[in-house]
Amino acid sequence: MRTGVEGFQGLRLKQLRSAHSLTLAELGEQIGRSSSTLSAWEKGSQLPEAESFGRLCQVFGVSRQWFLKPLPQVSEKDIRPYFFRSQASAHKQARERSKLYLSWLQEVSDFFQGAMDWPPVNIPMLDATDCRLISDEEIEEVARECRLRWKLGTAPIPNVIQVMENAGIICTRATLGHVKMDGVSHVSVIDGRPYVLIAEDKANAIRSRFDAAHELGHIVLHSRIAASQYAKSELYNLLEEQAHRFASAFLLPPDSFSQEVVWPTLDNLLSLKSRWRVSVAAMIVRCRDLSLLNEQLELRLWKGRSARKWTKGEPGDDAIPFEQPKLMMRGVHLLVDNGVFDRDTLVNQIGLAPEIIEMLCNLRHGYLSEQINAEDKVVSLKLKSKARRSNGPMPGDVVPFKK
């Protein structure tokens, strides 16, 4: 008969250890247990005793609730792919961390939905189940349909993430510890809602906007693609190219953008950058897609861009601020401000460390963990109706009580 904390979920421990980049040996040193024991806990063949369980909670800053909460069960036929931006060059550890953060975001969102409703999902998704059957014309058309459905017109989009959240997509930004990891998207089996994580490691808001539009492309084009297709290396590049094409078409609609490109020189494209909030490199590709330049001119533009040393950064990259997700943050404030949960109860019920919840929900650092000193609170008192002074407050006036 096994002894220990009943209900302990070993996979939760494995998740946390992976998110913190800890080996079994490193974690074992912190809690005073062997690697083999920790491995047995993760596999579920043993259960941690109460003392070790408490140490695990302390090390990771999570509540008991988190380790006792079973992971969402997903059947093999329902598994949907996680679309990793820059998978080919991104570090495996960064991909695993981004997938974990996105899965945790889905769980937090599902918890919130027990007390509130998110905007309904309003996204035109292709029915294609094979990416090889999706044509460039279809991509252009569905990008146009997105703009039409969301009443964006043909002008530059001021805030891509806000558009996505208005369409019912839950977004977050997170630091992944690897500059070659741009983001990940996934349609959740839990609630059928799309979720997107954009990496904060990039120091370029222009690039971050394109990353967001790229992930939107995966959701629109590939939500019904089998996970097995994305796992095939020969199809990965095609899926990425299609998401790129969608992002270009969505951010730079053909009619309005082509009218503004009088002549595609580097200086002319650079002058359009602050208006469209898209890199010169992306505009060169878009001009090629729209047949606004020939191969010779395109090659000249790429060479000129390299000669100006714009490959690692273009002028104007830091001219706009990063777009910030707001939907999850507003959800937290709605629940706390209306007394559905106080901050401490909210953290305990979710179970994750406060700083992780703050990151996933784009909350101010310390919002969930800071303690309000009772001595600093101002207590409001009311005078009785008989207490009246000629030079004092009138009956019923609120008087702050100061210590």
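Summarised in this report is the structure supplied together with it. The model shown is predicted, which means the values in this text are computed figures rather than measured ones.

The next subject is the pairing of strand S3 (residues 183–187). Along S3, five of the five residues are buried, which leaves the element largely enclosed by surrounding structure. With burial as the criterion, each face of S3 is covered, one bearing Gly 183, Ser 185 and Val 187 and the other bearing Val 184 and His 186. The hairpin turn running from S3 into strand S4 (residues 194–199), its antiparallel successor, is six residues long, and Gly 192 in that turn takes a positive phi close to 70°.

So, on to the packing of aromatic side chains. According to the stated counting rule, one finds 11 aromatic pairs in the structure shown. On the basis of an interplanar angle of 85° and a centroid distance of 5.9 Å, the ring pair of Trp 66 and Trp 104 is categorised as edge-to-face. Taken together, the residues Trp 66 in helix H5 (residues 64–68) and Trp 104 in helix H6 (residues 92–112) connect sequence positions 38 residues apart. As far as burial versus exposure is concerned, Trp 66 and Trp 104 are alike and both buried. The interplanar angle of 10° and the centroid separation of 5.7 Å between the aromatic rings of Phe 246 and Phe 250 together place this pair among those described as stacked. Within this pair, Phe 246 and its partner Phe 250 are both found in helix H11 (residues 233–251), separated by four residues, close to a single helical turn. Its relative accessible area of 0% is what places Phe 246 among the buried residues. Each member of the aromatic cluster is reached from another via a ring pair, and the members are Phe 111, Phe 112, Trp 118 and Phe 341. Geometry around Trp 66 places Arg 12 over its ring, the cationic atom sitting 4.1 Å from the centre.

What follows covers the side chain of Asp 317. Note on placement: Asp 317 falls in the loop between helix H15 (295–307) and helix H16 (327–337). Classification of Asp 317 by relative accessible area gives buried; the value is 12%. Within polar-contact distance, the side chain of Asp 317 engages the side chain of Asn 204 at 3.2 Å. Of note is the side chain of Asp 317, whose polar atom sits 2.7 Å from the backbone nitrogen of Glu 314. Residues within four places of Asp 317 in sequence aside, it is in contact with Asn 204, Ala 205, Ile 206 and Lys 273.

The next point concerns the nonpolar core. One broad rule of soluble globular proteins: the nonpolar side chains tend to lie buried together. Of all hydrophobic cores here, the largest spans 61 residues; its most connected members are Leu 56, Phe 60, Phe 67, Trp 104, Phe 112 and Leu 352. When residues in this core are grouped by element, the largest group, seven residues, is from H6. Not counting residues up to four positions away in its chain, the partners in contact with Phe 60 are Leu 13, Leu 16, Arg 17, His 20, Leu 22, Leu 27, Phe 67 and Ala 353.

With that settled, consider the packing of helix H14 (residues 280–289) against H15. For any two helices packed against each other, one specifies the crossing angle of their axes together with the interaxial distance. Closest axis-to-axis distance for the H14/H15 pair is 11 Å, and the angle between their directions is 175°. One way to sum up the angle between H14 and H15 is to call them roughly antiparallel. Side by side, H14 and H15 meet where Ala 281, Ile 284, Val 285 and Arg 288 of the first sit next to Glu 298, Leu 301, Trp 302 and Arg 305 of the second. Of the residues assigned to the contact of H14 with H15, the class counts are five nonpolar, no polar and three charged.

Criteria and thresholds
Residues numbered from 1 in each chain as written. Predicted model: local features only at pLDDT ≥ 70, side-chain atom pairs only at ≥ 80, totals over all residues. Heavy atoms only, no water. Buried < 20%, exposed > 50% of the residue type's maximum accessible area, 1.4 Å probe, protein only. Helix = DSSP H or I, 4+ residues; strand = E, 2+ residues; numbered from the N terminus. Pairing = 2+ DSSP bridges. Phe/Tyr/Trp six-rings, centres within 6.5 Å; stacked < 30°, edge-to-face > 60°. Lys NZ or Arg CZ within 6 Å of the ring centre and 35° of its normal. Polar contact = N/O pair within 3.5 Å; in protein donor to acceptor, adjacent residues only side chain to side chain. Contact = heavy atoms within 4.5 Å. Core = buried A, V, L, I, M, F, W, Y, C linked by side-chain atoms within 4.5 Å. Axes fitted to C-alpha atoms, helices over the stretch in contact; angles between N-to-C directions. Parallel < 35°, antiparallel > 145°, perpendicular 65-115°, else oblique. Nonpolar A, V, L, I, M, F, W, Y, C, P; charged D, E, K, R; others polar.

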